[in-house]
Amino acid sequence: MTTIQLTLPDGSVREVESGTTGSELAALIGPGLAKAALATVVDGTLRDLASPISEAAQVAIVTDRSPEALPLLRHSAAHVLATAVRELFPTAAIGFGPAIEDGFYYDFDVPRPFTPEDLEAIETKMREVVERDYAFVREEVERTEANTRFADDPLKLERIEELGSDEVISIYTDGPFVDLCRGPHVPTTGRLKHFKLLNTAGAYWRGDERRQMLQRIYGTAWFRKEDLDGYLHRLEEARKRDHRVLGRDLDLFSIQQDVVGPGLVFWHPKGAMIKWLLSRAVEDDNLASGYDLVYTPNVTREELFRISGHIPLYEENQYPVMGAGAGEGDEVRHRVKPMNCPMHTLVYKHHHRSYRDLPVRLSEVANVYRNEKSGTLHGLMRVRGLCMDDAHIFCTPEQAEDEIFLCLDQVERLVREPFGFELDFEVSTRPEERLGDDEAWEMAEGILRRALERKEIPFRVDEGGGAFYGPKIDIKFKDAIGRFWQGPTIQLDFQLPERFDLEYTGPDNAPHRPVMIHRAIYGTLERFIGLLIEHFAGAFPVWLAPEQVRVLPISDEQAEAARDIAQRMKAAGIRAVLDAGHETLNYRIREAETQKVPYMAVVGRREVEGGTLAVRERGAGSKQTVMLLDDFVSKVLEETRSRRLGD
RNA sequence: GCUGACGUAGCUCAACUGGUAGAGCAGCUGAUUUGUAAUCAGCAGGUUAAGGGUUCGAGUCCCUUCGUCAGCUCCA
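Residues numbered from 1 in each chain as written. Chains lettered and ligands numbered in written order. Predicted model: local features only at pLDDT ≥ 70, side-chain atom pairs only at ≥ 80, totals over all residues. Heavy atoms only, no water.

(A) Geometry of the overall build of chain A. In terms of regular secondary structure, chain A is built from 20 helices and 35 strands. Reported as C-alpha extents along the three principal axes, the dimensions of chain A are approximately 90 × 75 × 55 Å. Split into buried and exposed, the 647 residues of chain A put 49% on the buried side. For chain A, the share of sequence-separated contacts (at least 6 apart) that also reach a separation of at least 24 residues comes to 67%. (Helix = DSSP H or I, 4+ residues; strand = E, 2+ residues; numbered from the N terminus. Buried < 20%, exposed > 50% of the residue type's maximum accessible area, 1.4 Å probe, protein only. Contact = heavy atoms within 4.5 Å.)

Structure follows, in C-alpha cells:
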C-alpha cells in the first residue's frame, strides 16, 4: 500500500494511504470536521467527499463556512427538488437544474404547468426526501450505458449526445432519482435543511425560443435558518425600493398604458427635474471633454436604415413605416429613429474632414423609439420611448484606444464617483450575425481589451454578445432585487464608416477611413433614473433632489415671513417649496419626510425674530439645528455644487 | 413574442358557495392656528380593464382583446 502526502490549507502535511476519501481524511483530522465536512477541494478542484484521493495534493475540506459550500448545497437542493417532482409527477422529463445566485432552479417538461398548490406539495415532498437522508452516489458510465439509463428522458439523451468523446459521463443517484450530472454534491439529502420554493415560470429548453417551453421551479437554500430568514427579509425590503412604487408615491413619473400605451413615460415635474439635472451634468462634462452638441431629426426616410444595416436586422423592433410626402402612389416611406448613429454619421459626412479635425465628437441627448416586445417592458428599466445620452466619436484607428480610455474616464466621473455604484464590466465579442471580416473584429476587440487593461478595470467576456457592427464594453449594475441591467456602453465600429463611405484626408493628402465609437454614459436616462430611485430608495442627495427644502411656518402668523424666506431661497437657486397649509406642523413634517425632501426649514416666532431657521434633516428625527438663513443658503448651495452624496 | 398568475375608487384592500359594490388613506368643504412623523367633522368619488356570452340575476362562471407582475427569449 503506497502512502501519499496531503497538504492542508494551514500548511501542515498528512501522510495517508493512497485512495483515502475526503470523509476519511476529515475524520483523521477531527470528529468535528468529520461531521461538518461537505466536500473536498483537491488541487483546486471541487470533489465529492466520498471521492478517493490517489496522489499527493493540496487538499481542503469544504464545510458550510467555505465559499464553495452554498453553490454546492444549492445544486444538491435542485436534485432534491427533481427527486420530489419525479415522485409526484412520474412522467416529468428533466432538463437542467443548476445553482444560481442565492438559490437554484430545475426545468421540467410536464403535461401541464405547475400550480401554486403543486409547489406546496412539492416542497412538502422535498422535506420527506431530506428526512430519508439519501446518499448522493456518483457513478461514471459508458455512453451506451448512459443512453440505457436515461432511455425515458429525452432531454437528457440530447445532452448525452452532445458530450464529447473525451468527456467523462457521470451519474448521480439519490434514492430513487438518477440524474446525468457533473457533480459534485453534498454527501446526503439530509444536509439540506433551510430552503423554500419561490416561484415557477416558463423557460425555453436550451434557452432557445424555437424549442419547447419547460416549467422552471425556482428556490433558495441556506445552511442556517437565520440566513434563509434574512434572505427572505432582504427580498421584502428590496421590494420597498421598487422604482415603480416610489415613482408613483413621490410623483416622479407615470406610464399611462391605457391611454397612450405601455413603455411610454410621462415625466412629472419632479422626475423631469431629475432628468434635466442629469442631462445637464452629462452635457457639461461632454462640453468640457471636447464634444460638440448636435440635434438631429427624429424621423427619416427609411433608406437611411438600409444603408446602416439596421434594416432588415432590427426591423422587427422598429416602429412600422409611416407615410409622408405626396401621397397618391409616390409617397415616401419614413421611420421614427431607434438610434442616432446614422444621423451623426451624416453630420460628419457633411464636410470634408482633415486628419487635423479628428477626433470629431458629436453628442446628443435624444429621444429614440424602439418597438420592444411586450413581455420585456419593465417600469423605467425597459421602455419603448427612451432618452439616450448618446455620442459618436469619429477618429483614426490609432486614436481609438485613447478615446475609449477617455470614455471610461467619463463613466468614472459621471457614474461611479457621484453615486458610488458598483459596476460590472463586460466585453462583448463578435456575434453570429455581423458585418465585416474577422481581421477588423480581431483588431476592434483588442483595442477594447487594452483600454480596460490600461485602466486596470477587471472585466468579463461575453462571447458573441457584440453589436452587429462591432464589439462593445457593456457596463452593468444591479437593481433593488439583484437583477442586472446594462447602463453605460462603449462600442467600437469599423462597419458604419464603411457603409456610409466616411473619409478624412490624411497628412499624405490621400483619403482614409475613420473608425467610429458609439458611447452612452448613463445609457438611457429612463433606466438610469430607475436605478437611482432604487439605489437611494427615493431619498436623493441634495444636488439631485427635485425639491431640496420645504419651508414650514408654524402658524399663519409666520406665513408671510416664510413666503419671503422661500422666495429668497429660490432667488439664490435653491429648489424650495413653501407649505403654509392649514394642517398641523406634525402633519406637514410627516408629509415632507415621506416625500423624502432633504431639508425642512421650520419658521416660528423665534426664527422670524432672529432671522434664523430651525433646520431639520431628512431621516434625522426631531434633531434640529438653528441657523442663520444666509448660512443655510450657502450650505445647500455648496452641497449642490459639490454633488455631495450625504451621510 | 412565449409560460404562469393577476386586473374592484387616485392608493392599499373588502364584498360566503352568482343575489343592493364597501372601508381606510389621499381629494374637496368647514372648524381648528398648531414648536418637529397623521386635529376633528361633513361631502364627493366606481359602466368592477375593455368587448362579447351563459343566467331571472355576473365583480364573481365562460370566450376574446388590452394591460400589469414573475420568469424565459430579445435588447442596434
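(B) How the structure looks around the environment of Asp-292. Summarising the element assignment, Asp-292 is placed in strand β18 (residues 292-293). When its relative accessible area of 46% is taken as the criterion, Asp-292 is described as partly exposed. Sequence separation between Asp-292 and Ile-160 is 132 residues, and the spatial gap between their C-alpha atoms is 57 Å. Filtering out sequence-adjacent residues up to four positions away, Asp-292 remains in contact with Arg-361, Leu-362 and Ser-363.

(C) Geometry of the nonpolar core. Core analysis: the biggest nonpolar cluster contains 64 residues, and Leu-278, Ile-404, Val-415 and Leu-492 have the highest contact counts within it. Counting residues per element, this core draws most heavily on helix α13 (residues 400-419), which supplies eight residues. Leaving out residues up to four positions away in the same chain, Val-415 has contacts with Gln-410, Gly-420, Phe-421, Leu-423, Phe-477, Pro-488, Ile-521, Tyr-522 and Phe-528. Counting residues in hydrophobic clusters, the runner-up holds 39 residues, among them Phe-108, Phe-114, Val-130 and Phe-136. (Core = buried A, V, L, I, M, F, W, Y, C linked by side-chain atoms within 4.5 Å.)

(D) Quick look at the sheet that holds strand β12 (residues 169-174). If you walk across this open sheet you meet the three strands as β11-β12-β13, and the pairing is antiparallel. Edge positions in the sheet fall to β11 (136-141) and β13 (177-180), since each of these pairs with one other strand and no more. Ignoring which end each strand starts from, the neighbouring axes of this sheet average 25° apart. Across six bridges, β11 lies against β12 in antiparallel orientation. Residue Glu-139 lies in a different strand from β12, and its bridge partner there is Ile-171. (Pairing = 2+ DSSP bridges. Axes fitted to C-alpha atoms, helices over the stretch in contact; angles between N-to-C directions.)

(E) Main features of the packing of aromatic side chains. One pass over the structure, following the stated rule, counts 20 aromatic pairs. Consider the rings of Phe-536 and Phe-540, whose centres lie 6.1 Å apart with planes at 55°: the pair is tilted. Take Phe-540: its relative accessible area is 3%, and that puts it in the buried class. Both rings, one in Tyr-599 and one in Phe-632, keep their centres 5.4 Å apart while their planes meet at 85°; by these two values the pair is edge-to-face. Remark: Phe-632 occurs in helix α20 (residues 629-641) and Tyr-599 occurs in strand β33 (residues 599-603); sequence separation between them is 33 residues. Judged by relative accessible area, Phe-632 falls into the buried class, the value being 0%. What links up through ring pairs into an aromatic cluster is the set Phe-419, Phe-421, Phe-477, Tyr-522, Phe-528, Phe-536, Phe-540 and Trp-543. (Phe/Tyr/Trp six-rings, centres within 6.5 Å; stacked < 30°, edge-to-face > 60°.)

(F) View of the side chain of Ser-76. By the element assignment, Ser-76 lies in helix α3 (residues 69-88). The contacts of Ser-76, once residues within four sequence positions are left out, are Phe-136, His-185 and Val-186.

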